[in-house]
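# Inside the fold
Listed below, chain by chain, are the residues.
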Amino acid sequence: MPSQALSWIARALRGLWQLLDASRRALLNLLLLAVLVGLAWGLLRGGSPRLEEKTALVLDLSGRIAEQRSAGTRDTAIKKLRGQDSGETRLRDVLAVLDAAAKDTQITQAVLVLEDFTAAGLPVLREVAAAVDRFKAAGKPVVAWGADYDQRQYYLAAHASEVWLDPMGTVQVQGYGRYRSYYKDLLDKVGISANVLRAGKFKNAAETFAANAPSPETLESDGALYRSLWATWTADVEKARRQPAGSVMQAIDSLPASLAPVDGDLARWALQRKWVDALKTRQEMRDTLAARGAKDEEHKTFRQVSFNDYLARLKPKTDGEAIGVLVAEGEISDGQAGPGRIGGRSTAELIRKARDDKNIKALVLRVDSPGGSAFGSELVRRELELTRKAGKPVVVSMGDVAASGGYWISLAADEVIADEATITGSIGVVAMLPTAQGAMDKLGVRTGGVTTTWLGDAFDVRRGMNPRFAQLVQASIDHTYRDFTAKVAAARTSTPEKIDAVAQGRVWSGKDALARGLVDRLGSYGDALESAATRAKLAKGYRVTYVEAEPGRLERLLQRFGVALGDVVGSPVDLQAALVALGLTVPAATGIAQDLSWMTEVAAPGRPFAAVTHCLCTPP
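These figures come from a predicted structure and were not determined experimentally.

What counts, and where the lines are drawn
Residues numbered from 1 in each chain as written. Predicted model: local features only at pLDDT ≥ 70, side-chain atom pairs only at ≥ 80, totals over all residues. Heavy atoms only, no water. Axes fitted to C-alpha atoms, helices over the stretch in contact; angles between N-to-C directions. Helix = DSSP H or I, 4+ residues; strand = E, 2+ residues; numbered from the N terminus. Parallel < 35°, antiparallel > 145°, perpendicular 65-115°, else oblique. Contact = heavy atoms within 4.5 Å. Nonpolar A, V, L, I, M, F, W, Y, C, P; charged D, E, K, R; others polar. Pairing = 2+ DSSP bridges. Salt bridge = Lys/Arg side-chain N within 4 Å of Asp/Glu carboxyl O. Buried < 20%, exposed > 50% of the residue type's maximum accessible area, 1.4 Å probe, protein only. Phe/Tyr/Trp six-rings, centres within 6.5 Å; stacked < 30°, edge-to-face > 60°. Lys NZ or Arg CZ within 6 Å of the ring centre and 35° of its normal. Expected span 1.5 Å × (residues − 1). pLDDT = per-residue confidence, 0-100. Polar contact = N/O pair within 3.5 Å; in protein donor to acceptor, adjacent residues only side chain to side chain. 1 Å grid on protein atoms, 1.4 Å probe; cavity = no way out; pocket = protein on both sides within 12 Å on 5 of 7 lines; lining within 4 Å. Points joined across faces, edges and corners; volume = space filled by probe spheres on them.

### Examining the packing of helix α13 (residues 344-356) against helix α14 (residues 374-389)
- Remark: α13 packs on α14, axes separated minimally by 8 Å, with the N-to-C direction vectors making an angle of 10°. In this view, α13 runs roughly parallel relative to α14, as classed from their interaxial angle. Contacts from Gly344, Arg345, Thr347, Ala348, Ile351, Arg352 and Arg355 in α13 reach Gly376, Leu379, Val380, Glu383, Leu384, Leu386 and Thr387 in α14.
- Split into classes, the residues belonging to the contact of α13 with α14 amount to six nonpolar, four polar and four charged.

### Digging into the sheet that holds strand β5 (residues 117-119)
- The strand order across the open sheet formed by three strands is β3-β2-β5, and the pairing between neighbours is parallel. The open sheet has two edge strands, β3 (88-90) and β5, and neither has a second partner. Looking at each pair of strands side by side, their axes are set apart by 45° on average, direction ignored.
- Across the sheet, helix α3 (residues 91-103) touches β2 (63-66) and β3, and the angle it forms with β3 is around 60°.

### Digging into the pattern of salt bridges
- Here the structure, examined in full by the defined rule, presents 32 salt bridges.
- The partner of Arg303 in a salt bridge is Glu52, and the shortest N-O contact between them spans 3.7 Å. You can see Arg303 sitting in the loop between β11 (301-302) and β12 (304-306) and its partner Glu52 sitting in the loop between α1 (2-45) and β1 (55-59), a full 251 residues away along the chain.
- On the accessibility criterion, Glu52 (45% relative accessible area) is partly exposed.
- Between Lys184 and Asp188 there is a salt bridge; the shortest N-O distance is 2.9 Å.

### Details of the packing of aromatic side chains
- Within this structure, the stated rule accounts for nine aromatic pairs.
- In textbook terms, an aromatic cluster arises when at least three aromatic residues are bridged by ring pairs, as seen for Tyr149, Tyr154, Trp269 and Trp275.
- Against the face of Tyr546 rests Arg92, its NZ or CZ located 3.7 Å from the ring centre.
- The residue whose ring lies beneath Lys280 is Trp164, and the NZ or CZ to ring-centre distance is 5.1 Å.

### Looking at the environment of Ala110
- Tracing the backbone through its elements, the reader meets Ala110 in strand β4 (residues 107-113).
- Classification of Ala110 by relative accessible area gives buried; the value is 2%.
- For the pair Ala110 and Leu59, spaced 51 residues apart in sequence, the C-alpha to C-alpha distance is 7.0 Å.
- Beyond its immediate stretch of four places on either side in the chain, Ala110 contacts Leu57, Phe135, Pro141, Val142 and Val143.

### Describing helix α8 (residues 216-240)
- With 25 residues, α8 ought to run about 36 Å at 1.5 Å a step, and its terminal C-alpha atoms sit 36 Å apart, in line with that.
- Phi for Arg242, located one or two positions after α8, is positive at around 55°.

### Here we look at the sheet that holds β4
- One open sheet holds the six strands; their spatial order is β9-β7-β6-β4-β1-β12, and the pairing between them is parallel. The open sheet has two edge strands with one neighbour each: β9 (278-279) and β12.
- Where β1 meets β4, five bridges bridge the pair, whose relative direction is parallel. Bridge pairing in β4 links Thr55 to Ile107.

### Looking at the confidence of the model for the protein chain
- Looking at the protein chain as a whole, the pLDDT averages 86, with 80% of positions reaching at least 70.
- Scored below 50 in pLDDT, residues 560-573 makes 41 contacts in the model with residues more than four places away or belonging to other chains.

### With respect to the environment of Arg492
- One can find Arg492 in the loop between α17 (467-491) and α18 (496-502).
- Taking the C-alpha atoms as reference points, Arg492 and Val416, 76 residues apart in sequence, are found 9.9 Å from one another.
- Among residues more than four places away in sequence, those in contact with Arg492 are Tyr407, Val416, Gly517, Leu518, Val519 and Asp520.
- Looking at Arg492, its side chain comes within polar contact range of the main-chain oxygen of Val519, at 3.1 Å.

### Structural notes on empty space enclosed by the protein
- All told, the structure shown has one cavity of 30 Å³ or more when counted by the stated rule.
- By volume, the largest cavity amounts to about 60 Å³.
- Together, Glu67, Leu91, Arg92, Val325, Val327, Arg366, Tyr525 and Tyr546 line the largest cavity.
- For the lining of the largest cavity, a count of residues per class yields five nonpolar, no polar and three charged.

### A word on unusual backbone geometry
- In this structure, Pro256 follows Leu255 across a cis peptide bond, with omega equal to 0°.
- As for its position among the elements, Pro256 is in the loop between α9 (247-253) and α10 (266-272).
- We note that Lys274 has phi near 65°; this positive angle belongs to a residue other than glycine.

Encoded structure:
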């Protein structure tokens, strides 16, 4: 009887497995069928339909503007199938669309609809605004409409020919600045010591774990940085809106008293201050644009083409001599990393790939990185130096952030070009060695054992910091800092002593970095391309190719449907959600979750300690 029962169970399990396997095969076959049907449909359509005359380009940006996509293949494909946005828009795509549309005779105007646009640093905003200005210079008007504008959205909107706001809307401009969370008291209560060691009196990347308030140096450097960025923002907006210098600050300082004449109506206040040109509902916006251009009778709106649909029409050049562009975005690690991150080994491999490509005559390194591993940074710098020695010019174009390790990788270049609002510098080194002896004591846990050398138990997270080991780590950090400043001095034709005076871990705006000799000039991404082409003696009409990891066969197939590729970058989503549930605002919860996640990563680098060149800074 028992054998019969076991036989029945075995047959049942076998049947269950066969059912699951058949279901899996059916789902895969259905997915393959959907892909093939989509491919056939795309071929039968014969490409995008021809644009009609008097079409408006709708620049409906979604998510953050990034240098490089970071969404995974599967996630992006699922979002595409559901008709959802990926949450990211590449800067290169925005510039390409605006520049192509400026020359397209079928496109007569552009409309900025920025409700779903969420994030970009000021340098990226300036790149997009410059492209909007080029579109206007071609004799084509640009209208911006919004139910509301936050500070980033309004910066772009201000560069339009006209700015329209919903009658119930607001323009939310607060300026720059931030408040950090400081964790020393919390760590003391749970029995954890951060043990932060650093080289550079302004190097404050781990200060939040070892102090209860910002140091005087942090207040000094942050204040100078934010004032510089704010001066750029206000000057750009006032120029675009043809307003006198200082008018933005005067308007902000007039609040709340200046609301009384408009009965507290923030939309009317923005109109009165000439921050917007008209108050229009969405339907009024549609009707006005239809009257100016052409009406789309089928959809009861104005004739238009969306950003994504127009982007799909663009066909980049694929042969001939080229400028290679390598995007270095995100934190720097030692080994392999996907899009949106910088891996010392993987990025070095891409540089070698560009160096060995006979069609690539020069390389532009587009940097948007707060740094990370000093070793990973040096791997990238070495490969760039070898590229220069091979006779290929290297030009660095700094984006939102090129600080600490992000500055380190920028050293091997024939020219370094920054935006005046780039966050750069932060030439310093930090290490953090958290210990939890206090927590172990509270729990009543003791440790003990024997080692053959003092290094065997020099660092144990369960025990207090060994002063002898702390001296060893500090000596290593000081050595890395001297190496860093010496490399900067060699690259900038200066001396270590002069570099040390402007280093010390301090962040600078691009404008201030230029004044201190840390960059060669201020300019745009386009300026970097032109510089590389000139140095490589390329004629006008050169090709630009992006040096990225080769996609697999499945990825190439998915790209046929406009699916972006990359590796999923982990984020402390669960902790963030928990903090929000406890009543914290989303920005505060995000900041705390990122801080603690960074602390965990630094504390467990896979070796006794890591010298980190990280500014722990993000574009405001």
